[in-house]
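Here's the letter readout for the chains.
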Amino acid sequence: MKSNIFTAKRPFSTSHSSVDSEEIKKFQLLAHKWWDEEGEYAALHSMNDIRVPFIRDTLLSMSSNYQLGNPLSGIKILDVGCGGGLLSEPLGRLGASVTGIDPVEDNIRTADRHKSFDPVLAERIQYKSSSLEEIVEDSMETFDVIVASEVVEHVADLEMFIKCCSQVLKPEGSLFITTINKTQLSYVLGIVVAEKIMGIVPEGTHEWEKFVPPEELERLLESNGFSVRSMKGMLYNPLSGSWSWVQSTSLNYALHAVRAGAPPQPHATDTLPETDVQQHSATAGTAGTVPDSAV
Ligand SMILES: C[S@@+](CC[C@H](N)C(=O)[O-])C[C@H]1O[C@@H](n2cnc3c(N)ncnc32)[C@H](O)[C@@H]1O
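Calculation notes
Residues numbered from 1 in each chain as written. Predicted model: local features only at pLDDT ≥ 70, side-chain atom pairs only at ≥ 80, totals over all residues. Heavy atoms only, no water. UniProt positions renumbered as here; feature names shortened; annotations may be inferred. Near = heavy atom within 4 Å. Polar contact = N/O pair within 3.5 Å; in protein donor to acceptor, adjacent residues only side chain to side chain. 1 Å grid on protein atoms, 1.4 Å probe; cavity = no way out; pocket = protein on both sides within 12 Å on 5 of 7 lines; lining within 4 Å. Helix = DSSP H or I, 4+ residues; strand = E, 2+ residues; numbered from the N terminus. Contact = heavy atoms within 4.5 Å. Buried < 20%, exposed > 50% of the residue type's maximum accessible area, 1.4 Å probe, protein only. Salt bridge = Lys/Arg side-chain N within 4 Å of Asp/Glu carboxyl O. pLDDT = per-residue confidence, 0-100.

The protein chain carries the name Ubiquinone biosynthesis O-methyltransferase, mitochondrial in an unreviewed UniProt entry, which gives Geospiza fortis as its organism. One UniProt comment on the protein chain, placed under Subunit (unreviewed entry), says "Component of a multi-subunit COQ enzyme complex, composed of at least COQ3, COQ4, COQ5, COQ6, COQ7 and COQ9."

If you want it as structure tokens, here you go:
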């Protein structure tokens with residue numbers, strides 16, 4: 001088959017993967033637990049109370065044209081590391097067209113099954129068992145928005161992951177990341193208290209070494225053509241089971257970055273030979289006299 005814009009592969013190949021097989025084993029064991037609101041993923045369920053409005057309101061503030069009830073209608077979102085679809089579903093209900101990908105096949109099975117309970121989501125969400133680099137290699141599809149929520153602290157190669165994000169995001173598209181900072185406080189609260197003492201998440205869920213300092217993430221984003229537009233701290237209260245926004249990013253944080261726009265297209269007049277430019281300028285104000293070559 002001849003390759004065309006839909007079937008051609010991007011010139012990207014890699015001998016290694018962003019996927020860490022040890023991480024996959026951990027998520028595999030919990031693949032049937034995603035939708036237990038009181039279970040291991042309870043904190044991700046309640047994180048929706050702040051991350052969904054963050055994504056929705058940021059996108060709406062960048063657009064002048066949206067439908068009441070379906071404010072994200074027409075927006076194509078890639079939810080990388082979607083797990084059981086906890087974030088894909090509310091984004092789909094806001095009208096977005098969501099592709100959720102996850103390297104753990106059983107997560108995708110759980111997500112697909114849960115989606116089937118709501119007929120509204122059938123057309124809006126598609127799930128695929130895939131890594132981000134497979135998406136980059138296998139299709140020329142691009143997205144308006146990428147979300148990677150609580151994922152980057154699990155990947156094997158963060159630089160490659162961010163590079164892949166820039167390859168599947170449209171120019172001026174938005175990237176939303178939530179993750180955990182690498183500080184002494186995140187060791188004490190995120191590993192010792194959350195995993196070993198309170199059991200908020202199962203022991204071994206996180207490796208402190210893989211937590212991501214915001215400065216490092218910002219540097220990687222900027223060197224891959226993104227500009228970070230906002231970054232804010234998130235705090236989980238284990239007693240109320242709720243999240244709130246805080247100034248400090250020393251524990252969890254969320255960021256919004258925008259991929260640089262396409263380089264400006266040369267204006268039609270810029271490409272004309274000098275004589276045509278002169279003729280164009282001379283005639284531009286007169287209806288019907290602009291030569292075809294100049295428009
Ligand atoms: C903590 S869960 C977050 C799930 C979902 N984003 C949410 O917030 O509800 C992390 C997810 O990332 C997936 N994951 C791990 N490594 C990944 C990688 N290299 N690329 C994409 N997803 C990955 C895991 O399988 C898991 O489903």
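A. Region of interest: the site of the ligand. Neighbouring residues of the ligand: 20 residues in total, closest S18, R51, G81, D102 and S149. In the environment of the ligand, an oxygen atom lies 2.6 Å from a nitrogen or oxygen atom belonging to the side chain of R51.

B. Seen up close, the UniProt feature "binding site: S-adenosyl-L-methionine" (unreviewed entry) in the protein chain. According to UniProt, the positions carrying the feature "binding site: S-adenosyl-L-methionine" (unreviewed entry) are R51, G81, D102 and S149. Cross-referencing the annotated residues with the lining of the largest cavity gives R51 and S149. Its location among the elements puts G81 in the loop between β1 (76–80) and α3 (88–93). When near neighbours in sequence (up to four residues on either side) are disregarded, G81 contacts I101, D102 and V151. Turning to its location among the elements, D102 is positioned in strand β2 (residues 97–102). Take D102: its relative accessible area is 6%, and that puts it in the buried class. Ignoring anything within four residues of it in the chain, the contact list for D102 reads G81, C82, G83, N107, I108, K128, S129 and S130. A polar side-chain atom of D102 sits 2.8 Å from the main-chain amide nitrogen of G83.

C. Here's a closer look at the pattern of salt bridges. A full pass over the atoms with the stated rule returns 15 salt bridges. Between E40 and K33 there is a salt bridge; the shortest N-O distance is 3.3 Å. K33 gets classed as partly exposed once you look at its relative accessible area, which sits at 24%. Between R109 and D106 there is a salt bridge, with its nearest N and O atoms 2.3 Å apart. With R109 and D106 both in helix α4 (residues 105–115) and 3 residues apart, the pair spans about one turn of that helix.

D. Examining the confidence of the model for the protein chain more closely. Per-residue confidence for the protein chain gives a mean pLDDT of 86, with 84% of residues at or over 70. Scored below 50 in pLDDT, residues 1–9 makes 9 contacts in the model with residues more than four places away or belonging to other chains. In this model residues 271–295 is a low-confidence stretch, pLDDT under 50, and it forms 15 contacts with partners more than four residues away in sequence or in other chains.

E. Inspection of the UniProt feature "binding site: Mg(2+)" (unreviewed entry) in the protein chain at higher detail. On the UniProt side, "binding site: Mg(2+)" (unreviewed entry) is annotated at positions that read E150, E153 and H154 here. As for its position among the elements, E150 is in the loop between β4 (143–149) and α7 (158–168). With residues near it in sequence (within four places) discarded, E150 still touches L44, M47, T178, T179, I180 and N252. Among the polar contacts listed, one links the side chain of E150 to the side chain of T178, at a separation of 2.5 Å. In this structure H154 comes out as buried when scored by relative accessible area, which is 10%. Not counting the four nearest positions on each side in its chain, H154 is found in contact with D20, E23, F27, T205, H206 and K210. Among the polar contacts listed, one links the side chain of H154 to the side chain of E23, at a separation of 2.8 Å.

F. Unusual backbone geometry, seen in detail. One non-glycine residue, E150, adopts positive backbone phi at about 60 degrees. Unlike most non-glycine residues, E172 shows phi in positive territory, near 70 degrees. With respect to the secondary-structure elements, E172 resides in strand β5 (residues 169–180).

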